[in-house]
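A closer look at the structure
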2 protein chains.
Amino acid sequence: MAELGISDREIAALVRPVRVRPDVEPAEVFARATWTGIAEPGDRAAGLLVTALGARRALAAVIGHWPVERIIAEVDPAARAGRAALGREMHDALARWRPRVNSAAAVRALQSAARIGCRLVVPGDDEWPGGVDDLGVHAPLALWWRGQPESMPAMGRSVALVGARAATGYGEHVAMEASAGLVDRGFAIVSGAAYGIDGMAHRAALASNGVTVAFLAGGLDRFYPSGHDALLGSIVDTGAVLSELPCGAAPTRWRFLQRNRLIATASQATVVLEAGHRSGSLNTAGHAAAAGRPLGAVPGPVTSPASAGCHRLLRDYDARCVTNAAEMAELLEPGGAATAPGLRLGGGEASPEQVRVLDALSTRSARDVNDVAVRTGMSPNAVIAVLGVLAVDGLAREDERGWLRRV
Amino acid sequence: MAELGISDREIAALVRPVRVRPDVEPAEVFARATWTGIAEPGDRAAGLLVTALGARRALAAVIGHWPVERIIAEVDPAARAGRAALGREMHDALARWRPRVNSAAAVRALQSAARIGCRLVVPGDDEWPGGVDDLGVHAPLALWWRGQPESMPAMGRSVALVGARAATGYGEHVAMEASAGLVDRGFAIVSGAAYGIDGMAHRAALASNGVTVAFLAGGLDRFYPSGHDALLGSIVDTGAVLSELPCGAAPTRWRFLQRNRLIATASQATVVLEAGHRSGSLNTAGHAAAAGRPLGAVPGPVTSPASAGCHRLLRDYDARCVTNAAEMAELLEPGGAATAPGLRLGGGEASPEQVRVLDALSTRSARDVNDVAVRTGMSPNAVIAVLGVLAVDGLAREDERGWLRRV
């Protein structure tokens, strides 16, 4: 990586401690690590460039001041329509990126990561959460993570439980039940480690000895919120904490919003447990829906502002109403054991005629068939047929005076 | 009506006190009154016969022991497919009806009705609730009613509010707010006068000086439930209480289920406010959906069994989630004033770039454009453009040291 003034040997030394496996060449990993400090999360131009050139050559293009024409010739060799727009996009992107290209920052981020046991996963690794690739050009270029490598594949069968920071006791109770119930069914729990619903979802998963994964909006050297330091430490011990920002990066509102797209796509379904009318959880829900992931919302009292966002999702965004862990699991496995039985529009198990005949019988006064026929408005023959069935079922009986209801 | 052994003059005298207007000939009205005591609610064969022959000739066919062949020749003169099935249906129906043909009972029902100010409305009357005609061959043949004639057309702009007898304080509160809010918007409230949600919906409508209409499952000479005697009396004073059963008929389970189809179709939309997992309100909801009426369900805590039925309607039956009177009104008038604004998936009113730049500014430390460009990952030119907008909006300001956030 001569362009950055760092030797391949130095790069190999920097990369080694943050990698689980050495399959990808160190210079590519180093370049991806560097990109996480250059492009803001979700940067489309960075996604296009890195996909087309690889992280290393893409970085060389920025550092080497390649002309825009050369870049778009590589990104779009077929010279399709929209080339002019692509040219403008790359021109603007280069102007964004150049002030941030800083080899010292990249080296510092890797050194900080190594110090705290923070590692880097890149596309193609076994530990890479494949779901985020559905973000296409907006997918993360690499993910920093702290935790247990074996927890990463668990995201392949996971549900995101998200919700308001200002949760109510009701919301936290439901989050706890949902998280524990999903863990019991073999799902990992993905969330954002915020106060309120997120925290409760993580805690209940830990208490149930489940795998739980938190996505943060800043570098993993300083956990946010700091009040969840101990919780995040516990997640690191058994699951994983991830971020696409390098050590040293502060969480910003933009990064929170982009972090939400990772929660929504790294998991297979998203459930919003409580959310105010304009809660950030609706942003996560929007990302899940955009990525074609099943979206569930837990209803609550209409008198509770903390459920207003969930009701908006049910009303206006086709979220599925989910009321317990079984129904949440069903978002992923329709027709599973939790499938609701058909709604009986009649009165319970009995047929309409049986209802009518039972209505017309008394437990005390015996009635003859003609009397029952008049009371039910059914023909005597039909009454006899139904009485036979009811007798077999133990619901009616005949004595010498006539027919009686047993119950 | 020689067949019944009653003279036309006697019939006219019996019918006069129960009619608001004399447009339909007395013998036809008398026959419809008689039919309400012969056929159980929703009897398809009765609907077919009365539609084809008129109530009077249909009655004559039953009394005169017309052969089934003659009856089906009149019901289905085009001799379409299914004639054999129709023959069997009519054969069975005649066997049902004959034991109930009883002129004395019809006369008694009319006399009882006249005594208590109960009247009869038939299809074609101005007071007939046209919505029930959507039931086709299952439509009522006539409706007994007590109340104010001017309240009957109000059903043309009405919402059915139904729910569990075993309502919670939450459910009753929401029912009260919904009913009062719908009355304020000019809707009549239709319900079933049961304990719990129904009763609260009626009471709140009365308290708001609105029109409310109750459908009962038995004769109007004895109100059911008797604990709602006073409530039903108040509804009679300002609105209407209706039933398709004649005076003297007891409510049965079958009649409750069939009564629900009238609530669902006499109104323009049905809202279920609270309902257990197998509540009878789900039956009303099923009738509303079958008739193509908009169906709303009010969510509640997932921990409340009294809301389980509402959540089933949201999950499995495409009911619309409604949380207040405005949203209930919107079931009937989509795109009305209550239409929800588009969900903002971003962070409030600001554009993504504005969010990023605001994040990068401080209220205390002034920062120059290049600094902000690095912090945001945007190009300096883009930062300058966004800062200009933020300055105009009063969100950022520039002093001699650089840029600052104002709020």
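Residues numbered from 1 in each chain as written. Chains lettered and ligands numbered in written order. Predicted model: local features only at pLDDT ≥ 70, side-chain atom pairs only at ≥ 80, totals over all residues. Heavy atoms only, no water.

1. Things to note about the sheet that holds strand 8 (residues 295–297) of chain B
Residues and elements named next belong to chain B. Definition in use: DSSP calls a pair of strands paired once it identifies at least 2 bridges connecting them. Helix and strand assignments come from DSSP, with helices taken as H or I runs of at least 4 residues and strands as E runs of at least 2, each series counted from the N terminus. Whether two residues are in contact is decided by their heavy atoms: any pair within 4.5 Å suffices. Structural elements are reduced to axes, namely lines fitted to C-alpha atoms, with helices fitted over the stretch in contact, and the angle between N-to-C directions of any two is expressed from 0 to 180 degrees.
Pairing within the open sheet is mixed, and its nine strands lie in the order 1-2-6-5-4-3-7-8-9. One side of each edge strand has no neighbouring strand; the edge strands of this open sheet are strand 1 (119–121) and strand 9 (320–321). By the bridge criterion, four bridges tie strand 2 (residues 143–147) to strand 6 (residues 240–243) in an arrangement that is antiparallel. Looking at strand 6, one finds that W145 is bridged to L242. Seen against the sheet, helix 11 (residues 281–290) touches strand 3 (158–162), strand 7 (269–272) and strand 8 and runs at an angle of roughly 155° to strand 7.

2. Digging into the pairing of strand 6 (residues 240–243) of chain A
All names here are of chain A. Selection rule: Burial status follows relative accessibility: with a 1.4 Å probe on protein chains alone, a residue under 20% of its type maximum counts as buried, one over 50% as exposed, and anything between as partly exposed. Handedness rule for crossovers: strands pointing away from the viewer, path from the first strand over the helix to the second running clockwise, crossover right-handed.
Residues A240 and L242 point to one face of strand 6 and V241 and S243 to the other, with burial holding for every one of them. Note that strand 5 (residues 212–215) and strand 6 share three bridges and pair parallel. Bridge pairing in strand 6 places A214 opposite V241. Taken together, strand 5, helix 9 (residues 229–238) and strand 6 constitute a β-α-β crossover, and its handedness is right-handed.

3. Concerning the sheet that holds strand 6 of chain A
Residue and element names in this part refer to chain A. Strand order in this open sheet of nine strands is 1-2-6-5-4-3-7-8-9, and the pairing throughout is mixed. Either end of the sheet is taken by a strand with one partner, and the two such strands are strand 1 (119–121) and strand 9 (320–321). Looking at chain direction, strand 1 and strand 2 (residues 143–147) are connected through three bridges and run antiparallel. The residue of strand 2 that forms the bridge with L120 is W144. The sheet contacts of helix 10 (residues 253–266) involve strand 2, strand 3 (158–162), strand 4 (188–191), strand 5 and strand 7 (269–272), and relative to strand 5 the element is tilted by about 155°.

4. Some words on the side chain of S179(B)
Residues and elements named next belong to chain B. Inclusion rule: Here a polar contact means two N or O atoms within 3.5 Å. Within protein one must be a hydrogen donor candidate and the other an acceptor candidate, and residues neighboring in sequence count only if both atoms are side-chain atoms.
When you line up the elements, S179 lands in helix 7 (residues 169–184). Among the polar contacts listed, one links the side chain of S179 to the backbone oxygen of A201, at a separation of 2.7 Å. Among all residues touching S179, those that are not within four sequence positions of it are L161, I189, A201, A204 and A205.

5. Points about the confidence of the model for chain A
Cut-off, in case you're wondering: One confidence number per residue, pLDDT, is output by the predictor and ranges from 0 to 100.
Across chain A, pLDDT averages 90, with 95% of residues at or above 70. Below pLDDT 50 for its whole length, residues 336–348 of chain A participates in 25 contacts with residues either more than four positions away or in separate chains.

6. Things to note about the domain arrangement of chain A
Heads up, the condition is: Boundary definitions for the domains trace back to an automatic or database domain assignment.
Parsing chain A into structural domains produces domain 1 (2–116), domain 2 (148–332) and domain 3 (352–405). Look at where the C-alpha atoms of domain 2 of chain A and domain 3 of chain A centre, and you get two points 57 Å apart.

7. Remarks on the relation of the copies chain A and chain B
Where we set the bar: Our superposition of the copies is a least-squares fit, built on the C-alpha atoms of residues whose pLDDT is at least 70 in both.
Laying chain A over chain B is done by rotating through 180° and shifting 0.0 Å along the axis; what remains is an RMSD of 0.1 Å. Taken together, the turn and the small shift mark the pair as related by a two-fold rotation axis. Closest approach to the rotation axis among the C-alpha atoms of chain A is made by G300(A), whose C-alpha sits 2.3 Å away. The overlap is high: 100% of the interface residues of chain A also sit at the interface in chain B, so the same surface is used on both sides.

8. A closer look at the environment of A373(A)
Secondary-structure assignment places A373(A) in helix 15 (residues 369–376). Classification of A373(A) as buried rests on a relative accessible area of 0%. The spacing of A373(A) and V383(A) is ten residues in sequence and 6.2 Å in space, taken between C-alpha atoms. Setting aside residues up to four positions removed in sequence, A373(A) forms contacts with M378(A), S379(A), P380(A), V383(A) and R100(B).

9. Regarding the pairing of strand 2 of chain A
Burial analysis of strand 2 of chain A places five of its five residues in the buried class, the great majority of the element. Of the two faces of strand 2 of chain A, both are covered, the one formed by L143(A), W145(A) and G147(A) as well as the one formed by W144(A) and R146(A).

10. What to know about the packing of aromatic side chains
Put simply, the test is: When the centres of two rings from Phe, Tyr and Trp lie within 6.5 Å, Trp using its six-membered ring, the rings pair. Their planes under 30 degrees apart give stacked, over 60 give edge-to-face, and anything left gives tilted. Think of it as a cone above the ring: NZ of Lys or CZ of Arg counts as a charge over the ring if it is within 6 Å of the ring centre and within 35 degrees of the ring normal.
In total, this model carries four aromatic pairs over all chains according to the counting rule given. Directly above the aromatic system of F187(A) lies the positively charged group of R157(A), at a separation of 4.0 Å from the ring centroid.

11. So, the nonpolar core
Put simply, the rule reads: Take the buried Ala, Val, Leu, Ile, Met, Phe, Trp, Tyr and Cys residues and link them wherever side-chain atoms come within 4.5 Å; each set so joined is a nonpolar core.
Core analysis: the largest hydrophobic core is formed by 60 residues, its most contacted members being F215(A), L242(A), F215(B) and L242(B). Apart from the residues within four sequence positions on either side, F215(A) is in contact with M155(A), V190(A), S191(A), G192(A), L242(A), R259(A), L262(A), I263(A) and A266(A). Of all hydrophobic cores here, the second largest spans 55 residues; its members include L14(B), I72(B), V75(B) and V107(B).

12. Remarks on the environment of N283(B)
All names here are of chain B. Looking at the secondary structure, you find N283 in helix 11. On the basis of relative accessibility, which here comes to 6%, the residue N283 falls in the buried class. For the pair N283 and L257, spaced 26 residues apart in sequence, the C-alpha to C-alpha distance is 6.8 Å. A distance of 2.8 Å separates polar atoms of two side chains, one belonging to N283 and the other to N260.

13. Regarding the pattern of salt bridges
Residues and elements named next belong to chain A. Quick reminder of the rule: Any carboxyl oxygen of Asp or Glu within 4 Å of a side-chain nitrogen of Lys or Arg constitutes a salt bridge here.
Applying the stated rule across the entire model yields 32 salt bridges over all chains. Where R19 meets D125, a salt bridge forms, and the shortest distance between an N and an O atom there is 2.8 Å. Of this pair, R19 sits in the loop between helix 1 (8–15) and helix 2 (26–38) while D125 sits in the loop between strand 1 and strand 2, and the two are 106 residues apart along the sequence. Since its relative accessible area comes to 9%, R19 is described here as buried. Taking the relative accessible area as the measure of exposure, D125 reaches 9% and is therefore buried. A salt bridge links D43 to R96; the shortest N-O distance between them is 3.0 Å. Taken together, the positions of D43 in the loop between helix 2 and helix 3 (44–63) and R96 in helix 5 (residues 83–97) put the pair 53 residues apart, joining distant regions of the chain. Classification of D43 as buried rests on a relative accessible area of 8%. For R96, a relative accessible area of 17% gives the class buried. Residues joined by salt bridges that share partners form a network here, namely E40, R100 and R255.

14. Description of the interface of chain A and chain B
Interfaces are often described in size by the accessible area the parts lose on coming together. The line we're drawing: Summed over both partners, the accessible surface that disappears when two parts come together, traced with a 1.4 Å probe, is what is meant by buried area. Note on residue categories: nonpolar means Ala, Val, Leu, Ile, Met, Phe, Trp, Tyr, Cys or Pro, charged means Asp, Glu, Lys or Arg, and polar means any other residue, Gly included.
Listed as interface residues are 60 residues of chain A and, on the opposing side, 60 residues of chain B. Between chain A and chain B lies a buried interface of about 5000 Å² when both sides are counted; carbon and sulfur atoms form 58% of it. Its salt-bridge partner being D359(B), residue R253(A) comes within 3.3 Å of it at the nearest N-O pair. Per-element tally for the side of chain A that touches chain B: the top contributor is helix 12 (residues 308–316) of chain A, with six residues. Among the residues making up the side of chain A that touches chain B, the classes are represented as 27 nonpolar, 15 polar and 18 charged.

15. Notes on helix 8 (residues 197–207) of chain A
Residue and element names in this part refer to chain A. Counting buried residues along helix 8, eight of its eleven residues qualify, which places the element largely inside the surrounding structure. Those residues of helix 8 that fall on the buried side of the exposure criterion are I197, D198, G199, M200, A201, H202, A204 and A205. N209 sits one or two residues past helix 8 and shows a positive phi near 60°.

16. What to know about the packing of helix 4 (residues 68–75) of chain B against helix 5 (residues 83–97) of chain B
Residue and element names in this part refer to chain B. Short version of the rule: Throughout, the term roughly parallel applies to angles under 35 degrees, roughly antiparallel to angles over 145, roughly perpendicular to angles from 65 to 115, and oblique to all others. Here a crossing is taken to be left-handed if its near helix is turned anticlockwise relative to the far helix by less than a right angle, and right-handed if that turn runs clockwise.
Running from N to C, helix 4 and helix 5 point in directions that differ by 120°, and their axes come no closer than 10 Å. Classified by the angle between their axes, helix 4 and helix 5 sit oblique to one another. Judged by the sense of rotation from one axis to the other, the crossing of helix 4 with helix 5 is right-handed. Taken together, the residues of helix 5 that come into contact with helix 4 (itself represented by V68, I71, I72, A73 and V75) are R83, L86, G87, M90, H91 and L94. In terms of residue class, the contact of helix 4 with helix 5 is built from eight nonpolar, two polar and one charged.

17. A few points about the UniProt feature "domain: Smf/DprA SLOG" (unreviewed entry) in chain A
The condition that has to hold: UniProt positions are given in the numbering used here, feature names are shortened, and annotations may be inferred rather than shown by experiment.
UniProt marks residues 120–332 of chain A with the feature "domain: Smf/DprA SLOG" (unreviewed entry), using the numbering shown here. With 37% helix and 15% strand, residues 120–332 of chain A has end C-alpha atoms that lie 29 Å from one another.

18. Considerations on the packing of helix 7 (residues 169–184) of chain A against helix 13 (residues 325–332) of chain A
Residues and elements named next belong to chain A. Contact geometry for helix 7 and helix 13: axes closest at 8 Å, N-to-C directions at 55°. Between helix 7 and helix 13, the angle is such that the two are oblique. Both helix 7 and helix 13 take part in a crossing whose hand is right-handed. Contacts from E177, A178, G181 and L182 of helix 7 reach helix 13 at A325, M328 and A329.

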